[in-house]
Amino acid sequence: MTSEETSAIIMECNESQNPQDAVLSKVKIGDDGTNLPKLILNYFEPSGSHPDPAKGTSSTYSPQLNKLFANIHKDVKIGFETDFAPAQKSYIRCTQRFELEEYQNEVVKRCPNHSEPNLFNGNHILTVDSTRSPRNVIYTNDSDGRPVVCIQYLDQAEHCRGEEFIIRFKFHCLSSCSSRRKMCLLFEVVHDNGDVMCSHTMPVLISTCPGRDRFRHEKKAMMEVIDADVEEDKDGDDDPIGDDDGVFLVEIDDPRARELLQLFMAGLEMKD
């Protein structure tokens, strides 16, 4: 690591066994089936989640949108794995960025209302639960001034034994504090010499009701796909099949749109 990183405050982290750490499900993210080196994330759905996806959860992941919805100040449990043996002294580097290209040069940090200037990581939106994570953690800034979190990764022996690498993150600022600009998390496996071996980017929205926001975003995405299909039908030779009451049958060819529609209908049934 750089001299700036090594001079930053290092926190010793110990894993604790807690019955409340049980999870309902694990979602594997980032395995694209290619032979290229890849970083795969395992998102753990929190235990005790409300059966209605729009209520009562500290975080939730949408496979349809490839997006994480997280509650401010609540744990988000993510595991990391690679399909290759990491080099010695490798680490996971976590950086929060704006998703749109026009804002990517801007620094993402806590707003004045959530900043804690008396803490060494008081400007970091993303932090690691130091009492329940198994690795050394370094809080620093990159060459562009972005707050980053570096976490010691598995060594080769640990990787060969198939040991799990699980980190519990917390977010300390809302997405709405940044004028609702879309954010993402950049996770990188970095060699001690600074070379990036592989990476994965995941969009994230931080709010006080992540289940509700996931439901709304999936509904919006579904309607956009359906509207696009309807416009395509209008431009074609065939008219939608309809009856005298103005009810139309619209054929949905996109598998993702059908999946979003089914999810939306299931949410409506729960609310009834």
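Scroll up to find the structure.
Residues numbered from 1 in each chain as written. Predicted model: local features only at pLDDT ≥ 70, side-chain atom pairs only at ≥ 80, totals over all residues. Heavy atoms only, no water.

*Asks:* Teacher, can you tell me more about the overall build of the protein chain here?
*Replies:* If you tally the helices and strands in the protein chain, you get four helices and 15 strands. Residues counted as buried form 43% of the 272 residues belonging to the protein chain. Here the contacts in the protein chain between residues at least 6 apart in sequence split such that 68% fall between residues at least 24 apart. (Helix = DSSP H or I, 4+ residues; strand = E, 2+ residues; numbered from the N terminus. Buried < 20%, exposed > 50% of the residue type's maximum accessible area, 1.4 Å probe, protein only. Contact = heavy atoms within 4.5 Å.)

*Asks:* Help me understand the environment of leucine 185 in this model?
*Replies:* Tracing the chain through its elements places leucine 185 in strand β12 (residues 183–190). Placed 91 residues apart in sequence, leucine 185 and cysteine 94 show a C-alpha to C-alpha distance of 6.9 Å.

*Asks:* So what exactly am I meant to see when it comes to the nonpolar core here?
*Replies:* In globular proteins that are soluble, nonpolar side chains generally tend to be buried together. Counting 40 residues, the largest nonpolar core has Phe80, Ile92, Ile151, Phe169, Phe171 and Phe187 as its most contacted members. Not counting the four nearest positions on each side in its chain, phenylalanine 169 is found in contact with Lys74, Asp75, Val76, Ile78, Phe80, Cys94, Leu126, Thr127, Val128, Ile151 and Phe187. With five residues, the next largest nonpolar core counts Tyr91, Ile138, Val148 and Cys150 among its residues. (Core = buried A, V, L, I, M, F, W, Y, C linked by side-chain atoms within 4.5 Å.)

*Asks:* Any chance you could explain unusual backbone geometry here in plain terms?
*Replies:* Phi is mostly negative for residues that are not glycine, and the peptide bonds are mostly trans. Phi is positive for lysine 89, which is not a glycine, with a value near 65 degrees. Considering the arrangement of structural elements, one finds lysine 89 in the loop between β6 (76–82) and β7 (91–98).

*Asks:* Any chance you could explain the pattern of salt bridges here in plain terms?
*Replies:* Once their charged atoms are close, side chains differing in charge can pair, the charge on each being opposite to the other. Taken as a whole and judged by the stated rule, the model has ten salt bridges. Note that glutamate 116 and arginine 110 form a salt bridge whose closest N and O atoms lie 2.7 Å from each other. With relative accessibility at 36%, the residue glutamate 116 sits in the partly exposed group. Residue class for arginine 110 comes out buried when judged on its relative accessible area of 6%. (Salt bridge = Lys/Arg side-chain N within 4 Å of Asp/Glu carboxyl O.)

*Asks:* Explanation requested: the environment of glutamate 163 in the structure shown.
*Replies:* Topologically, glutamate 163 is positioned in the loop between α2 (156–160) and β11 (165–171). Linking glutamate 163 and glutamate 81, residues 82 residues apart in sequence, is a C-alpha distance of 9.3 Å. Apart from residues no more than four positions distant in its own chain, glutamate 163 is found in contact with Arg135, Leu154 and Glu158.

*Asks:* Please explain the side chain of histidine 124 as it appears in this structure.
*Replies:* Within the secondary structure, histidine 124 sits in the loop between β7 and β8 (126–128). In this structure the side chain of histidine 124 is engaged in a polar contact, spanning 3.1 Å, whose partner is the backbone oxygen of threonine 140. Each residue touching histidine 124, except ones within four places of it in the same chain, is listed here: Arg110, Tyr139, Thr140, Asn141, Pro147, Val148, Val149 and His172. (Polar contact = N/O pair within 3.5 Å; in protein donor to acceptor, adjacent residues only side chain to side chain.)

*Asks:* Mind showing me how you'd approach the sheet that holds β8 here?
*Replies:* In any sheet, the strands associate via hydrogen bonds between backbone groups, in a parallel or an antiparallel arrangement. Reading across from one edge, β2-β3-β6-β11-β8 is the order of the five strands in this open sheet, with antiparallel pairing throughout. Of all the strands in the sheet, the pair left with one neighbour each is β2 (26–29) and β8. Mean inter-strand twist for the sheet, computed between neighbouring axes without regard to direction, equals 35 degrees. With three bridges joining them, β8 and β11 adopt antiparallel strand pairing. The residue bridging leucine 126 from the neighbouring strand is phenylalanine 171, located in β11. (Pairing = 2+ DSSP bridges. Axes fitted to C-alpha atoms, helices over the stretch in contact; angles between N-to-C directions.)

*Asks:* Can you walk me through the pairing of β6 in this structure?
*Replies:* Residues in a regular strand point their side chains to alternate faces of the sheet. Burial within β6 is extensive, with six of its seven residues counted as buried. Here five bridges tie strand β3 (residues 39–44) to β6, and the two strands are oriented antiparallel to one another. Residue pairing across strands places isoleucine 40 opposite glutamate 81, the latter belonging to β6. Of the strand pairs in this sheet, β6 and β11 are connected by five bridges, and their pairing is antiparallel. When the bridges of β11 are listed, isoleucine 78 appears paired with isoleucine 167.

*Asks:* Help me out: how do you make sense of the packing of aromatic side chains in this one?
*Replies:* In this description, an aromatic ring pair is defined by two values, namely the gap between the centres and the angle between the planes. Counted by the stated rule, this structure contains eight aromatic pairs. On the numbers, 6.1 Å between centres and 45 degrees between planes, the contact of tyrosine 43 with tyrosine 61 is tilted. Remark: tyrosine 61 occurs in strand β4 (residues 59–62) and tyrosine 43 occurs in strand β3; sequence separation between them is 18 residues. Plain terms: the ring middles of phenylalanine 80 and phenylalanine 165 are 5.9 Å apart, the flat faces sit at 65 degrees to each other, and that makes the pair edge-to-face. (Phe/Tyr/Trp six-rings, centres within 6.5 Å; stacked < 30°, edge-to-face > 60°.)

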